[in-house]
Amino acid sequence: MARLNEEQFRKEIRNGNIKNAYLIYGEESYLKERYISLLKKKIVDPAFEDFNFHRFDGKDTSVDDIIKDAQMIPMMSEYNLVLVRDYPVEKSKSDIKLLSGFLEEVPESTVLIFLYDAVEPDIKAAGFRKILNAFDNAGAVVNLEKRSESDTAKLLVSGAEKRGAMLDINNAKYLISVSGNDLKNLLNELDKLSYFAQGNEITKDIIDNMATKCLQARVYDLSKAVVAGNCDSAYKIVDTLFNMKEDPVLILGAIGGVYVDMYRVKCAKTAGLSYDDVAKHYNYKGREFALRYASRDCTALTEKQLRKSLDEILNTDLKLKSTSADKKLLLEELIIKLILIAREVRYA
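A brief look at the structure comes next. (Residues numbered from 1 in each chain as written. Predicted model: local features only at pLDDT ≥ 70, side-chain atom pairs only at ≥ 80, totals over all residues. Heavy atoms only, no water.)

### Focus: the overall build of the chain
Helix and strand counts for the chain stand at 17 helices and six strands. Intrachain contacts of the chain at a sequence separation of at least 6 include 75% that bridge at least 24 residues. Accessible surface computed for the chain: about 18,100 Å², of which carbon and sulfur atoms make up 50%. Charge separation in the chain, taken as the distance between the mean sites of 52 positive and 54 negative side-chain charges, equals 4 Å. (Helix = DSSP H or I, 4+ residues; strand = E, 2+ residues; numbered from the N terminus. Contact = heavy atoms within 4.5 Å. Areas by Shrake-Rupley, 256 points an atom, 1.4 Å probe, with all protein chains shown as cover. Lys, Arg positive; Asp, Glu negative; His and termini not counted. Charge placed at Lys NZ, Arg CZ, Asp CG, Glu CD.)

Take a look at the structure:
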């Protein structure tokens, strides 16, 4: 019947156009929980929740148990809500067949939700495609993707207002670049910043002093220092990351991601394209700020320097994962090599 995006899903819930089956997946955990809560509020009377709301952890549940509860008649209510989290559809072909058969005749008084959150489904796998099609025919498949940076910024602006503070749209985008684009984390940061602002504006200075920087944001600072040839700043950032107990492999992965961003933007500029074109082609939805930083930092570097830098990052990745060498020392060696490449200095 339907493949829905967030806007369509929200309108259906608001209008009371409830379907009998939903399969919900996507990148944004906060949105999943939010819409599950809205659906539950819409169709489950709290007085009869024990009878009409059934929860299952997919990995510990059989299809037979799910179907048994999904066939129950609701008590003093229009709907019986069954929520199944992270069901491993690849477990057996018979499970897929049994579930697909049930969805062909799902009771009108049942709302069956398969939610994928802790487990990211392989949407290209044959088994999962069968389940997608079964839910699609019986109700709706909902993909809750990351919101765009602009939409997330608008949410933060309105959220600040609800919390009695003021937040400029540009500072909202800056907060996203500092704390990352995870909505749950951003709203937690907004709670803290709004409380600190005490009814006034959440300024860039407040964000700089109070917001928790995500790993990616610290790596952006690191790349800026590297491109500028500022060894002291670069090493201080590495020290900070290790003091925060960040995983060295994740640190290197973030560094690699930043250099990939720069290389993409550099190639796009050479081809007469903008970073907006890169964002569309490689799906930077929700983290468009990454390409703005990439555009800033890649200006002083050539494509050749960026390719050489990526080679060094790959070599360090292999060493991190295959040797017992000191991981911090390996990252520090990488930093100096990246600085030398940026300065066009040869090294052994």
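Moving on, there is more to tell.
### So, helix α2 (residues 29-43)
For α2, which comprises 15 residues, the first-to-last C-alpha distance of 22 Å matches the rise-based estimate of 21 Å (1.5 Å per residue) to within 8%. Taken together, the buried positions of α2 are occupied by L31, K32, Y35, I36, L39 and I43. Buried residues of α2, seen end-on, are gathered within an arc of 130 degrees and therefore sit on one face of the element. (Expected span 1.5 Å × (residues − 1). Buried < 20%, exposed > 50% of the residue type's maximum accessible area, 1.4 Å probe, protein only. Arc of directions from axis to C-beta.)

### Concerning the sheet that holds strand β6 (residues 140-143)
Ordered in space as β1-β6-β2-β5-β4-β3, the six strands form an open sheet in which the pairing is parallel. Both outer strands of the open sheet, β1 (3-4) and β3 (53-57), are each paired with one neighbouring strand and no more. Both strand β4 (residues 80-85) and strand β5 (residues 110-115) contribute to a ladder of six bridges, which runs parallel. In the sheet register, L81 faces β5, and the bridge partner there is V111. Most of the contacts of helix α6 (residues 126-138) go to strand β2 (residues 21-25), to which it runs at about 135 degrees, and overall it touches β1, β2, β5 and β6. (Pairing = 2+ DSSP bridges. Axes fitted to C-alpha atoms, helices over the stretch in contact; angles between N-to-C directions.)

### What to know about the pairing of β5
The buried count for β5 comes to six of six residues, which makes it a mostly enclosed element. Side-chain alternation along β5 places T110, L112 and F114 on one buried face and V111, I113 and L115 on a second face that is also buried. As judged from the four bridges shared by β2 and β5, these two strands associate in the parallel manner. When the sheet's bridge partners are listed, A21 is paired in β5 with L112. Read from β4 through helix α5 (residues 93-104) to β5, the crossover connection turns out right-handed. (Right-handed = clockwise from strand over helix to strand, strands pointing away.)

### Considerations on a negative patch on the surface
Together, E27, E90, E120 and D122 make up a region of like negative charge exposed at the surface. Structurally, E27 can be placed in the loop between β2 and α2. (Patch = residues over 30% accessible without salt bridge, like charges linked within 9 Å, V, L, I, M, F, W, Y side chains within 5 Å. Salt bridge = Lys/Arg side-chain N within 4 Å of Asp/Glu carboxyl O.)

### Here's the deal with the packing of helix α12 (residues 231-243) against helix α17 (residues 327-342)
In contact at an axis separation of 11 Å, α12 and α17 are set at 155 degrees when each is read in the N-to-C sense. Put simply, α12 runs roughly antiparallel to α17. The element α12 and its partner α17 pack so that their crossing is right-handed. Contacts between α12 and α17 pair C231, A234, Y235, V238, D239 and F242 from the former with K327, K328, L331, E332, I335, I336 and I339 from the latter. Taken together, the residues of the contact of α12 with α17 break down into nine nonpolar, no polar and four charged. (Parallel < 35°, antiparallel > 145°, perpendicular 65-115°, else oblique. Left-handed = near helix turned anticlockwise from the far one by under 90°. Nonpolar A, V, L, I, M, F, W, Y, C, P; charged D, E, K, R; others polar.)

### Re the packing of aromatic side chains
What the rule picks out here adds up to seven aromatic pairs. Their ring planes at 50 degrees and their centres at 5.8 Å tell us that Y87 and F114 sit as a pair that is tilted. Of the two residues, Y87 sits in the loop between β4 and α5 while F114 sits in strand β5, which places them 27 residues apart along the sequence. Since its relative accessible area comes to 2%, Y87 is described here as buried. Here the aromatic rings of Y116 and F128 are separated by 5.3 Å at their centres, their planes lie at 85 degrees, and the arrangement is edge-to-face. Placement of the pair is Y116 in the loop between β5 and α6 and F128 in helix α6, with a sequence separation of 12 residues. Taken as a pair, Y116 and F128 share a single burial class, namely buried. Here the aromatic cluster, defined as three or more aromatic residues joined through ring pairs, consists of F9, Y22 and Y35. Sitting over the face of the ring of Y282, R264 holds its NZ or CZ atom 3.8 Å from the ring centroid. (Phe/Tyr/Trp six-rings, centres within 6.5 Å; stacked < 30°, edge-to-face > 60°. Lys NZ or Arg CZ within 6 Å of the ring centre and 35° of its normal.)

### Overview of the nonpolar core
Grouped together as the largest cluster of nonpolar side chains are 60 residues, with contacts concentrated most on L156, I202 and I255. If you look at the next biggest cluster of nonpolar residues, it comprises 27 residues, including Y25, V84, L132 and A134. (Core = buried A, V, L, I, M, F, W, Y, C linked by side-chain atoms within 4.5 Å.)

### Points about a nonpolar patch on the surface
A contiguous nonpolar surface patch, about 340 Å² in accessible area, is contributed by F51, M75 and M76. Relative to the elements of secondary structure, M76 occurs in the loop between α4 (63-70) and β4. Exposure remark for M76: the relative accessible area of 66% places this residue in the exposed category.

### Re the pattern of salt bridges
If you walk through the whole model with that rule in mind, you get 23 salt bridges. Of the charged contacts in the structure, one is a salt bridge between K40 and E49, with a shortest N-O distance of 3.1 Å. With relative accessibility at 23%, the residue K40 sits in the partly exposed group. Put simply, K192 and E189 hold a salt bridge, and the shortest N to O gap is 3.1 Å. Here K192 pairs with E189, and both are found in helix α9 (residues 183-197), just three residues apart, close to one helical turn. Beyond isolated ion pairs, a larger network of salt bridges with shared partners links E6, E7, R10, K11 and R147.

Read these as layout, nothing more, since geometry by itself doesn't imply function.
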